[in-house]
Amino acid sequence: MLPRAHPRLLLPVLAAVLVGALTGCSLFDREPRGTPASQPSASAGGGAQLEIPTTVAVGQVSLIQRLGEDGPLRTLSVERDGAWQCLDCAGDGVTSRGTLAPELTERLQVLLANPALADETDQARRYRTTCIDALTSSLLTSSGLITSQDCPGEERTPVAGEILLLLTQATPAEIKG
C-alpha cells in the first residue's frame, strides 16, 4: 500500500508547478535521455533553485487550473480509490470532497495506466503555454505534468484530454474558463 500524500503539503508543491508552467519557465531537464542533467543554477537571490516534483504516485492524479495569469489556483486531487478533494474549484474558496463512481474510478485508472500518457507530458511535447487570459489546466500524473489551455487552435492530447474531461464532468472542476 502506498503512503497517502498529506493534502496540506501537496498544495504548495502543486502551486509551484503550475506557476512555473503558466510563466513558461522550464521545470524540466531539457537534455535528451541519457545525457547528464545540468546542475541547478543559482537564482537572482544567490540560492540554488529548488527541485520541484513533477509526478504523483501511480494511480493518483491532480488537476491544477488557473484562469489567466492573476486568477486563483483551483486544485483537484484524486486518489487511486476515486476519493477526490477540490480546493476552490468553483472559484468561491470552498473545499469540496467526494468519491468518483466505481465505473469512473475504473476508467480513470485505465487512462492513467495507458503508456501513451508518457508521450503527452509537457516534457515529451516540449509544451509552452501560448494564450493570454485562457484557462490553463495541468494534470499531474505519475507520467509527468501535462498542460493544456482553453484557447483557439490548441488540440487536446488524446489520453490526457479524456482524463481532463472525466474529471471535469464528475467533479466541480471546469473544462472551460
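Above this text sits the structure in question.
Please read all numbers here as calculations on a predicted model, not as lab measurements.

Caption draft 1: Spotlight on the nonpolar core. Counting residues in hydrophobic clusters, the biggest one holds 21 residues, and the most contacted among them are V61, L76, V78, L108, L139, I163 and L167. Mapped by element, the contributors of at least two residues to this core are β1 (61–67), β2 (74–78), β3 (83–87), α2 (102–113) and α4 (158–170). Considering each element in turn, this core owes the most residues, six residues, to α4. Aside from chain neighbours lying at most four places away, what touches V61 is V56, L76, S77, V78, L108, L112, L139, L140, T141, I163 and L167.

Caption draft 2: Region of the structure containing the environment of T141. By the secondary structure assignment, T141 is in strand β5 (residues 135–141). Expressed as a C-alpha distance, the spacing of T141 and A160, which sit 19 residues apart in the sequence, is 9.5 Å. A polar contact is formed between the side chain of T141 and the backbone oxygen of G144, at a distance of 2.9 Å.

Caption draft 3: Expanded view of the sheet that holds β2. Here we have six strands laid out as an open sheet, ordered β4-β3-β2-β1-β5-β6, and antiparallel in their pairing. Each edge of the sheet is formed by a strand with only one pairing partner; in this case those strands are β4 (95–99) and β6 (144–149). Neighbouring strand axes in the sheet, compared pairwise and without regard to direction, differ in orientation by 15 degrees on average. Across five bridges, β3 lies against β4 in antiparallel orientation. The residue of β4 that forms the bridge with L87 is T95. Taken strand by strand, α4 contacts β1, β2, β3, β5 and β6, and its axis lies near 80 degrees from that of β1.

Caption draft 4: Expanded view of the pattern of salt bridges. All chains considered together, the criterion is met by two salt bridges. A salt bridge links R107 to E162; the shortest N-O distance between them is 2.3 Å. With R107 in helix α2 and E162 in helix α4, the pair connects residues that are 55 residues apart, well separated along the chain. Given a relative accessible area of 35%, R107 falls into the partly exposed group. The exposure class of E162 is partly exposed, given its relative accessible area of 38%. R125 serves as the salt-bridge partner of D122, at 3.1 Å between the closest nitrogen and oxygen. Of the two residues, D122 and R125 both sit in helix α3 (residues 122–125), three residues apart, roughly one turn of that helix.

Caption draft 5: Looking closely at the state of the cysteines. Enumeration over the complete set of coordinates arrives at two disulfides. Across a sulfur-sulfur distance of 1.2 Å, C86 and C89 are joined as a disulfide pair. Here C131 connects covalently by a disulfide to C151, the sulfurs 2.2 Å from one another. Note on the C131 and C151 pair: the S-S dihedral is about 85 degrees, so by sign convention the disulfide is right-handed. Separated by 20 residues along the polypeptide, C131 in the loop between α3 and β5 and C151 in the loop between β6 and α4 bring together distant segments of the chain. Under the relative-accessibility criterion, C131 is labelled partly exposed at 24%. Of the residues examined, C151 reaches a relative accessible area of 11% and is grouped as buried.

Reading guide: rules and limits
- Residues numbered from 1 in each chain as written.
- Predicted model: local features only at pLDDT ≥ 70, side-chain atom pairs only at ≥ 80, totals over all residues.
- Heavy atoms only, no water.
- Core = buried A, V, L, I, M, F, W, Y, C linked by side-chain atoms within 4.5 Å.
- Buried < 20%, exposed > 50% of the residue type's maximum accessible area, 1.4 Å probe, protein only.
- Helix = DSSP H or I, 4+ residues; strand = E, 2+ residues; numbered from the N terminus.
- Contact = heavy atoms within 4.5 Å.
- Polar contact = N/O pair within 3.5 Å; in protein donor to acceptor, adjacent residues only side chain to side chain.
- Pairing = 2+ DSSP bridges.
- Axes fitted to C-alpha atoms, helices over the stretch in contact; angles between N-to-C directions.
- Salt bridge = Lys/Arg side-chain N within 4 Å of Asp/Glu carboxyl O.
- Disulfide = S-S within 2.5 Å.

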